[in-house]
Amino acid sequence: TLSLHDALRSRDRRLLALYFDMSAMPLPDQIRAFDAAQKYIRSQMTPSDLACIMMYSNGAVRVLEDFTSDRARLLSTLQTMVVGEDEDAPQDASDKGAAFGQDDSEFNIFNTDRQLAALQTAANMLGQLNEKKALVYFASGIRLQGTNNQAQLRATTNALVRAGVNMFAIDARGLVASAPMGDASQGSRGGVSMYSGQGAISQSNQFAKSQDTLWTLSADTGGKA
């Protein structure tokens, strides 16, 4: 939990929470997100900024570093989060369309709800502070499963607004150029859609849908994606 309750410490300061959704970022995206956060702390963080580092992983939201202006501490915490030495990189839990037997779409509904509920938990933590906060959300998109996640989406948005948090979502995938017929992350598709253009259109639509939730959360809380 956050422990910054001293009003004098946060008065006239800009409070910034760096939130990493590890459940939605494969290893390449994690490295890209950490590099961006380190660049901000090294070159763009001002003396009036207080930053904290939060992480959602293994079903829990943790505060790895409380609000501080100490760049060395923040950079050290980010360095310990870099995957590759003593822990395994989390894998994308969403269905890739090649599942054996039972389709995973039902489970994806709950995975998305858990991502949104974790954001709601982070908002409640930040709500302990009276000042206006900015939450920078690093993830590889959030894709709603039709209307099944609308209730949790509204609950998360309301929690962010009540806590005085502006969300600034960052798609950790960066600028993506997708292969028209798919890449090696999934099995080859069959049928005429590969040659008629429908396959490429479907792929583009799926990518856009994974960003829609980021745009919605940011716009509804006064931030920007």
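If you're wondering where the values come from, they're calculated on a predicted model, not measured in any experiment.

**Student:** Can you walk me through the packing of aromatic side chains in this structure?
**Tutor:** The description of an aromatic ring pair rests on the distance of the ring centres and on the angle between the ring planes. Across all of its chains, the model carries three aromatic pairs by this definition. When the centroid spacing of 5.2 Å and the interplanar angle of 50° are considered together, the rings of F20 and F34 count as tilted. Within this pair, whereas F20 is found in strand β1 (residues 14–21), its partner F34 is found in helix α2 (residues 27–43), the two being separated by 14 residues in sequence. Exposure remark for F20: the relative accessible area of 0% places this residue in the buried category. In this structure F34 comes out as buried when scored by relative accessible area, which is 2%. On the basis of an interplanar angle of 5° and a centroid distance of 4.8 Å, the ring pair of F20 and F138 is categorised as stacked.

**Student:** I tried to follow the pairing of strand β2 (residues 49–57) on my own but got confused; where do I start?
**Tutor:** A regular strand places its side chains so that they alternate between the two faces of the sheet. Most of β2 sits inside the fold, with nine of its nine residues counted as buried. Of the strand pairs in this sheet, β1 and β2 are connected by eight bridges, and their pairing is parallel. From the neighbouring strand, R14 faces β2, where its bridge partner is D49. Crossover handedness for the path β1 to α2 to β2: right-handed. Sheet analysis places β2 next to strand β3 (residues 60–68), joined by six bridges and oriented antiparallel. Within the sheet, the bridge partner assigned to M55 lies in β3 and is R62. With antiparallel pairing between neighbouring strands as the criterion, β2 and β3 make up a hairpin whose turn holds two residues, including N58 at a positive phi of roughly 55°.

**Student:** What exactly am I supposed to notice about the environment of T80 here?
**Tutor:** Mapped onto the elements, T80 comes out in helix α3 (residues 71–81). Residue class for T80 comes out exposed when judged on its relative accessible area of 56%. In the structure, T80 is positioned 16 residues away from L64 in sequence and 9.9 Å away in space, judged by C-alpha atoms.

**Student:** Could you clarify how one ought to interpret the packing of α2 against α3 in this entry?
**Tutor:** Put simply, α2 and α3 touch, their axes get as near as 10 Å, and they point 170° apart. With respect to α3, the axis of α2 lies roughly antiparallel. Within the contact between the two elements, α2 uses F34, A37, Q38, I41 and R42 and α3 uses R71, L74, L75, L78, Q79 and M81. Each residue belonging to the contact of α2 with α3 can be placed in one class, and the counts come to seven nonpolar, two polar and two charged.

**Student:** When you look at the environment of T156 in this model, what are you seeing that I'm missing?
**Tutor:** With respect to the element layout, T156 can be found in helix α5 (residues 150–162). On a C-alpha basis, the gap between T156 and T121 in space is 8.5 Å, while along the polypeptide they are 35 residues apart. Filtering out sequence-adjacent residues up to four positions away, T156 remains in contact with L116, A117, L119, Q120 and L217. From its side chain, T156 meets the backbone oxygen of L116 in a polar contact 2.8 Å long.

**Student:** Which parts of the structure should I look at to understand the layout of surface pockets?
**Tutor:** By volume, the second largest pocket is sized at about 230 Å³. In terms of lining, the second largest pocket is formed by 13 residues, of which the most central are L18, Y40, V136, F138 and I170. Going through the elements one at a time, β1, α2, β4 (133–139) and β5 (165–171) are the ones with two or more residues in the lining of the second largest pocket. For the lining of the second largest pocket, the element with the most residues is α2, which contributes four residues.

**Student:** How should the nonpolar core be read in this particular structure?
**Tutor:** Of all hydrophobic cores here, the largest spans 32 residues; its most connected members are Y19, M54, V61, L135, Y137 and M167. At the level of elements, β1, β2, β3, α4 (105–126), β4, α5, β5 and α7 (198–220) are the ones that each hand at least two residues to this core. In terms of residue count, the dominant contributor to this core is α4 (seven residues). In this structure, Y137 is in contact with Y19, D21, Q115, L119, I142, M167, F168, A169, I170 and L214, ignoring residues within four places of it in sequence. Counting residues in hydrophobic clusters, the runner-up holds 22 residues, among them L18, F20, A51 and M81.

**Student:** Would you mind going over the pattern of salt bridges with me for this structure?
**Tutor:** Oppositely charged side chains are able to pair whenever their charged atoms sit close together. One pass over the structure, following the stated rule, counts four salt bridges. Between R14 and D49 there is a salt bridge, with the nearest N and O atoms lying 2.8 Å from each other. Taken together, the residues span a long stretch of sequence, with R14 in strand β1 and D49 in strand β2 at a distance of 35 residues. The class for R14 is partly exposed, based on a relative accessible area of 46%. Look at D49 and you get buried, because its relative accessible area is 1%.

About the criteria used
- Numbering of residues begins from 1 in every chain and follows the order in which that chain's sequence is written.
- Given that this is a predicted model, residues contribute local features only at a pLDDT of at least 70 and side-chain atom pairs are listed and counted only at 80 or more, while totals for whole chains, interfaces and linings are drawn from all residues.
- Heavy atoms throughout the structure, all of them, feed into the side-chain values; hydrogens and water do not.
- Aromatic contacts are taken between Phe, Tyr and Trp rings whose centres are within 6.5 Å, Trp giving its six-membered ring; a plane angle under 30 degrees counts as stacked, one over 60 as edge-to-face, and the others as tilted.
- We count a stretch as a helix when DSSP gives it H or I for four or more residues in a row; a strand needs E for two or more, and each element gets its number in order from the N terminus.
- The buried label goes to any residue with under 20% of its type's maximum accessible area, the exposed label to any with over 50%, and the partly exposed label to all in between, with areas taken from a 1.4 Å probe on protein chains only.
- Only strands that DSSP links by at least two bridges are regarded as paired with each other.
- Orient the strands so they point away from the viewer; a crossover is then right-handed if the path from the first strand over the helix to the second runs clockwise.
- As a rule, the C-alpha atoms of each element are fitted with a line to give its axis, helices using only the stretch in contact, and angles between N-to-C directions run from 0 to 180 degrees.
- Reported orientations rely on four angle classes, namely roughly parallel under 35 degrees, roughly antiparallel over 145, roughly perpendicular from 65 to 115, and oblique for the rest.
- Residue contacts follow a heavy-atom distance rule, with two residues in contact if any of their heavy atoms lie within 4.5 Å.
- Each residue receives one of three labels: charged for Asp, Glu, Lys and Arg, nonpolar for Ala, Val, Leu, Ile, Met, Phe, Trp, Tyr, Cys and Pro, and polar for the others, Gly being one of them.
- Polar contact criterion, stated in full: a pair of N or O atoms within 3.5 Å, where within protein one must be able to donate a hydrogen and the other to accept it, and residues adjacent in sequence count only if both atoms are side-chain atoms.
- Method remark: on a 1 Å grid restricted to protein atoms, a set of points is classed as a cavity if a 1.4 Å probe fits but cannot get out and as a pocket if it is open with protein on both sides within 12 Å along at least five of seven lines; lining residues have an atom within 4 Å of a point.
- Grid points are joined across faces, edges and corners, and a volume is the space filled by probe spheres set on the points.
- Only buried residues count toward a nonpolar core, which is a set of Ala, Val, Leu, Ile, Met, Phe, Trp, Tyr and Cys residues joined through side-chain atoms within 4.5 Å.
- Criterion for a salt bridge: a side-chain nitrogen of Lys or Arg within 4 Å of a carboxyl oxygen of Asp or Glu.

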